[in-house]
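Overview (structure and organization)
The chain contents come next:
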Amino acid sequence: MTTLTIDGQQQSFTPGETIYEIAERAHADIPTLCYDPRLKAFGACRLCVVEVEGVRNPVASCTAKATDGMVVRTATPTIDKHRKTLLELVASENREVDVDPLRGYASQELAMLVDRYDARTGRFRGKASGKSQETDQNPFILRDYDLCISCYRCVRVCAEQEGDHAISVRNRGFETQITVEFDGDLKSGTCTFCGQCVQTCPTGALADRKAIRATELPGPIEKARTVCPYCGVGCSVDLQAKGGKLVGVLPAMDGPANEGALCIKGQFAFDFVQHPDRLASPLVRREDGELHPASWDEALDRAAGGFMKARDMHGRHSVYAVASGRAPHEAAYAVQKFIRVGFMTNQVDNCSRA
Amino acid sequence: MTSPRTQELIEHWRDQPAPLLSLLHALHDRDGFLSDGVLREVARGLRAPLADLYGTVTFYHHFARFPPGKSAPRVCTGPVCRLRGADALLDELRKDGATPMACSGRCDEPIPVLTGDEVHVGVDSASLVNRPTPLPAVRPDGGEECVFGGIRDAGRAKLAGYGGWAALERAVREQSSEQVIATITDSGLAGRGGACFLTGTKWNAVLEAPGEPKTIVCNADEGEPGCFKDRVLLDHDPHAVLEGMALAAYATGATQGFVYLRYEYPQTMPILEAAIAEAEAVGLLGERILGSDFSFRIHVRRGAGAYICGEEGSLLNSLEGKHPFPRNRPPFPVTHGYNDKPTVVNNVETLASAPPIVRNGAEWYRGLGLGDHAGTKLISLSGDIARPGNYEVPIGLPLRTLLDDWAGGAPGGKAIKAVTMAGLSGGFLAGDDFAVTLDEPSIRARGSFLGAGGIIVYDETRDMVVAAHDVMKFFAHESCGKCFPCRIGTQRLTERLAGEAGPASLADWQSEVVDIGTTMKATSACGLGMAAPLVTESLLRCFPEEVEKHLGA
């Protein structure tokens, strides 16, 4: 069996695992900024460096494969000093470190690490990097690159997870700028507005434009786990509510079907829930040919009457129901039960499948 | 609108090995720049994501996206050229659309101006002249040379003048792969690009690594300021380099080779292509070389202006058409190189050393060094020195001997105040450091390294903070932007050396500069970020009073 020692503890591992992966299992809590477990290790932020006995320089644990008998120390004073310096450097290139958590799933990573390593020192002042793309007025993704730290998580998630290859990087060095082809708007390229770049961004530079509308609403952000109803994949989501309103959707990173992925509909298409045009009471068409507000009893009586009439005249297969992808799963369940048990027919479907 | 010619070029190149750079150059040569429309067609033709292609094109300093593009002059503002008035020349040529470029490897005869595919050199617009790379001066002490041994012979760039590929013939006819590798290993030849990895060990690793086809890459992306030794070898002794590649291929079982040539050496390209054609015509390259089962082809690929592409991982990514970031190591190129197959990446000088070693034997080469040191090293000497140029020194030669006896010291009887090592990457040596001998152990003991062998000389009148700023600005310009310590660190150090940002008190300034440098050295992902802080480290060590003056000003 292959083993290594991490912070004095023996750990067994499978050949091919990185030091970081094993250390995570051992709860070493190594800091990272460019790491996303779903993506290929990249080795940009260097925060995950650790000491490996017999190796002169610190080793980036996210890219280094473990070897049998390795002795690793994840948080020596020297290593922690490098981490603090790196975080001071990163903080120095941005407009600000603290951002609204509604910006995205990972948006607090930088602020939390800066606090953890006491790096709010204001050292290393100088020019800022990255420039916000203010002209891109798409309704979904705010491109606030003033806060970008060039970790390339957005570029990589777009290529490796979504397969869109919509995001790339212009120039090099400190002039590096996350962009799309010819520096246009997201919609000019191959972006499908899935929002995965937003949710992996560790600084909130890419932000959920819909969610941040609720920044000023009172109260804490509450979350509820559910499954996206839009199609049959079954992506797990955490609905975010604030001030009694649905304000945003987060993909569940542990969702078995989606592992943090969503599409534009699951991620951004929830405005109908609180839309002013949404019916708050039933409408019934009266003899004048117009729709009029009615009580539930009246509306249900009318609907039941119509269904029964159709069945009596044309038989049980004359009824067909299509459930809405915007309705909750419970409603979809009720519809199929209603049609199957109530009418004894299988003519039922859901718009997400059609 | 579809340009049929663009399609023709795409169709010509897309099935060639490592097509992207060549295709982009063909289009860049045709139009002078790479338009949106052309990039769209290339992306479609190569089935590459357009966003990635756009990003990668912007990475390279010499790919223009708009007119006048390639036809506008580019003036070298490298550290040596700035000592010679590059800023004034640039201002003079601004009327023609001139822009600055990083060191372009003509430090022995500044200042180069690159226009299209022509390089002119001169210190002002009136004196600009297109002239070939100067030959190295004859070794002043009359000692025996290895790579410069025949370079001054008339007609050397032609196969006949070179005398045929005797070493390859001998290897193919009389020796096994293992025997060739044993000779190279016994000679002590080590990577002359500066990493000093034993060449025989590298070749053996590729020989033993599973996977085909295997590849030999000649790293001719000589981007380190103050280094111009590979240019003289490629221009005047191309057959030595190509024969060295063929020996490496024979020793390792490789069947294809690339010369990755830096963009700033446009005149070298036809020289190499002519030499390859000559060798192919007589069966020294191609299928079944010299009637054996050994087949090997060499392709020249031209870079597009990125110092980092001299780093082997970046170079390989660049060849493969990927974004030229360095690769995480391990795995190393010997097992996962070009297209993830076993690959030798060797410097020009390393490869050019192989034929004389195979011809004359390992003992002969070892004996060229002084004391226990094996072999020789090319040194490119420039800056405030009476006789700048390339010198082949026995490893272990005292630095002072080279500076004073061989190269005549600083002009005008001035004292030498400092020299750089490894081009710029080794930082400065000054004062007591001048007692070093030119070998890695001696120079590493001073916190520096010999590297690719560029030495820039500063005389007593030079402001070392200004010099350090020029150097750091280069590293900031060339940082690829992948790893945080280098991307941000080179910028912050440049700002502090320029006096644009940072604390005013010496203690705070020093604390910031030292902390940034320490973390860069320890945590950067490649040699650029690890080496850059040697500049500030050596500045603070050798010239603290100049730093204090800089902060006081």
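Residues numbered from 1 in each chain as written. Chains lettered and ligands numbered in written order. Predicted model: local features only at pLDDT ≥ 70, side-chain atom pairs only at ≥ 80, totals over all residues.

Broken down by element type, chain A carries eight helices and 16 strands. Against the globule reference of 20 Å for 354 residues, chain A gives a C-alpha radius of gyration of 26 Å, more extended than a compact globule. With the C-alpha coordinates of chain A rotated into their principal frame, the extents come out at 85 × 50 × 40 Å. Across the 354 residues that make up chain A, the buried fraction comes to 42%. Taking the contacts inside chain A whose residues are at least 6 apart along the sequence as the reference set, 58% of them involve residues at least 24 apart. (Helix = DSSP H or I, 4+ residues; strand = E, 2+ residues; numbered from the N terminus. Rg over C-alpha atoms; globule rule 2.2 N^0.38 Å. Buried ≥ 20, exposed ≤ 12 C-beta atoms within 10 Å, placed from the backbone. Contact = placed C-beta atoms within 7 Å.)

This part takes up the overall build of chain B. When its secondary structure is counted, chain B shows 24 helices and 13 strands. Viewed in the frame of its principal axes, chain B has a C-alpha envelope of about 70 × 65 × 50 Å. Counting across all 553 residues of chain B, residues that qualify as buried make up 58%.

Contact with chain B, which involves 35 residues of that partner, is made by 36 residues of chain A. Secondary-structure elements contributing two or more residues to the side of chain B that touches chain A are helix 4 (50-59), helix 19 (464-478), helix 20 (484-498) and helix 21 (506-523) of chain B. Per element, the largest residue contribution to the side of chain B that touches chain A is nine residues, and it comes from helix 20 of chain B. Of the residues assigned to the side of chain B that touches chain A, the class counts are 15 nonpolar, eleven polar and nine charged. (Nonpolar A, V, L, I, M, F, W, Y, C, P; charged D, E, K, R; others polar.)

For the rest of this paragraph, the subject is helix 15 (residues 348-360) of chain B. Since the α-helix packs 3.6 residues into each turn, any two residues three or four apart lie on the same face. Residue and element names in this part refer to chain B. End to end, helix 15 covers 19 Å across 13 residues, agreeing with the expected 18 Å (1.5 Å per residue, within 8%). Burial analysis of helix 15 places eleven of its 13 residues in the buried class, which makes it a mostly covered element. Taken residue by residue, helix 15 has Val348, Glu349, Thr350, Leu351, Ala352, Ser353, Ala354, Pro355, Pro356, Ile357 and Val358 as its buried positions. Directly after helix 15, the chain includes Gly361, whose backbone phi takes a positive value near 100 degrees. (Expected span 1.5 Å × (residues − 1).)

Cis geometry marks the peptide bond from Pro110 of chain B to Ile111 of chain B, where omega comes out at 10 degrees. Within the secondary structure, Ile111 of chain B is located in the loop between strand 2 (99-101) and strand 3 (112-115). Positive phi, normally seen in glycine, also occurs at Asp29 of chain A, with a value near 55 degrees. Relative to the assigned elements, Asp29 of chain A resides in the loop between helix 1 (19-25) and strand 3 (49-52). Its identity as a non-glycine residue notwithstanding, Asn171 of chain A has a phi of 65 degrees, on the positive side. Note that Asn171 of chain A resides in the loop between strand 7 (168-170) and strand 8 (177-179).

Right, let's get into the confidence of the model for chain B. Across chain B, the average pLDDT comes to 97, with 99% of residues at or above 70. For this predicted complex, the interface confidence reaches an ipTM of 0.96, while the overall pTM sits at 0.96. (pLDDT = per-residue confidence, 0-100.)

Residue and element names in this part refer to chain B. Counting 264 residues, the largest nonpolar core has Cys218, Ala246, Leu247 and Ala248 as its most contacted members. Ranked by residues supplied to this core, first place goes to helix 12 (residues 238-252) with ten residues. If we ignore the near neighbours within four places in the chain, the residues touching Ala246 are Trp165, Leu168, Leu284, Leu285 and Phe296. (Core = buried A, V, L, I, M, F, W, Y, C linked by C-beta atoms within 7 Å.)

Residue and element names in this part refer to chain B. With respect to topology, four strands assemble into an open sheet ordered 2-1-3-4, the strand pairing being mixed. Each of the sheet's edge strands pairs with one partner strand only, and the pair in question is strand 2 and strand 4 (118-121). Across the sheet, the mean angle separating the axes of adjacent strands is 30 degrees when strand polarity is ignored. Here strand 1 (residues 74-76) runs beside strand 3; their pairing, made up of two bridges, is antiparallel. Following the sheet pairing, Val75 is matched in strand 3 by Val113. In this fold helix 6 (residues 86-93) packs onto strand 1, strand 2 and strand 3, with an angle of close to 170 degrees to the strand it touches most, strand 1. (Pairing = 2+ DSSP bridges. Axes fitted to C-alpha atoms, helices over the stretch in contact; angles between N-to-C directions.)

What follows concerns the domain arrangement of chain B. One widely used convention gives an interface's size as the accessible area the parts lose upon coming together. Once the domains are mapped, chain B shows domain 1 (4-59), domain 2 (72-127), domain 3 (159-366), domain 4 (376-459) and domain 5 (464-552). One C-alpha centre belongs to domain 1 of chain B, the other to domain 2 of chain B, and the line joining them spans 29 Å. (Domains from an automatic or database assignment.)

Taken domain by domain, chain A consists of domain 1 (2-75), domain 2 (94-209), domain 3 (217-278) and domain 4 (283-350). Relative to domain 4 of chain A, the C-alpha centre of domain 2 of chain A lies at a distance of 47 Å.

Here the focus is helix 13 (residues 268-281) of chain B. All names here are of chain B. Here helix 13 contains 14 residues, and its C-alpha end-to-end distance of 20 Å stays within 8% of the 20 Å for a straight helix at 1.5 Å per residue. Looking at helix 13, one finds that the buried residues are Thr268, Leu272, Ala275, Ile276 and Ala279. All buried residues of helix 13 lie within an arc of 100 degrees about the axis, which places them on one face of the element. When the buried face of helix 13 is taken as reference, the exposed residues oriented beyond 90 degrees from it are Pro270, Ala277 and Ala281. Of the surrounding elements, those touching the buried residues of helix 13 are helix 7 (159-162), helix 11 (229-236), helix 12, strand 6 (256-261) and strand 7 (297-302). With its phi angle positive at about 80 degrees, Gly283 sits one or two positions after the end of helix 13. (Arc of directions from axis to C-beta.)

Counting buried residues along strand 12 (residues 245-251) of chain A, five of its seven residues qualify, which places the element largely inside the surrounding structure. Between the antiparallel neighbours strand 11 (residues 236-242) of chain A and strand 12 of chain A lie two residues, among them Gly243 of chain A with a positive phi of about 55 degrees.

The next point concerns the environment of Gly161 of chain B. Residues and elements named next belong to chain B. When you line up the elements, Gly161 lands in helix 7. On the basis of neighbour counts, which here come to 13 C-beta atoms within 10 Å, the residue Gly161 falls in the partly exposed class. Between the alpha carbons of Gly161 and His239 there is a distance of 9.7 Å; along the sequence they are 78 residues apart. Here Gly161 is in contact with Asp153, Ala154, Gly155 and Arg156, once residues within four sequence places are set aside.

Residue and element names in this part refer to chain B. Within the open sheet, the four strands sit side by side as 7-6-5-8. Their pairing is parallel. The open sheet terminates on both sides in strands that have one partner only, identified here as strand 7 and strand 8 (343-347). Strand-to-strand twist across the sheet, computed as the mean angle between neighbouring axes with direction ignored, equals 20 degrees. Note: strand 5 (residues 215-220) against strand 8, five bridges, orientation parallel. Its bridge partner being in strand 8, Asn219 is matched across the sheet by Asn347. Across the sheet, helix 13 touches strand 6 and strand 7, and the angle it forms with strand 7 is around 170 degrees.

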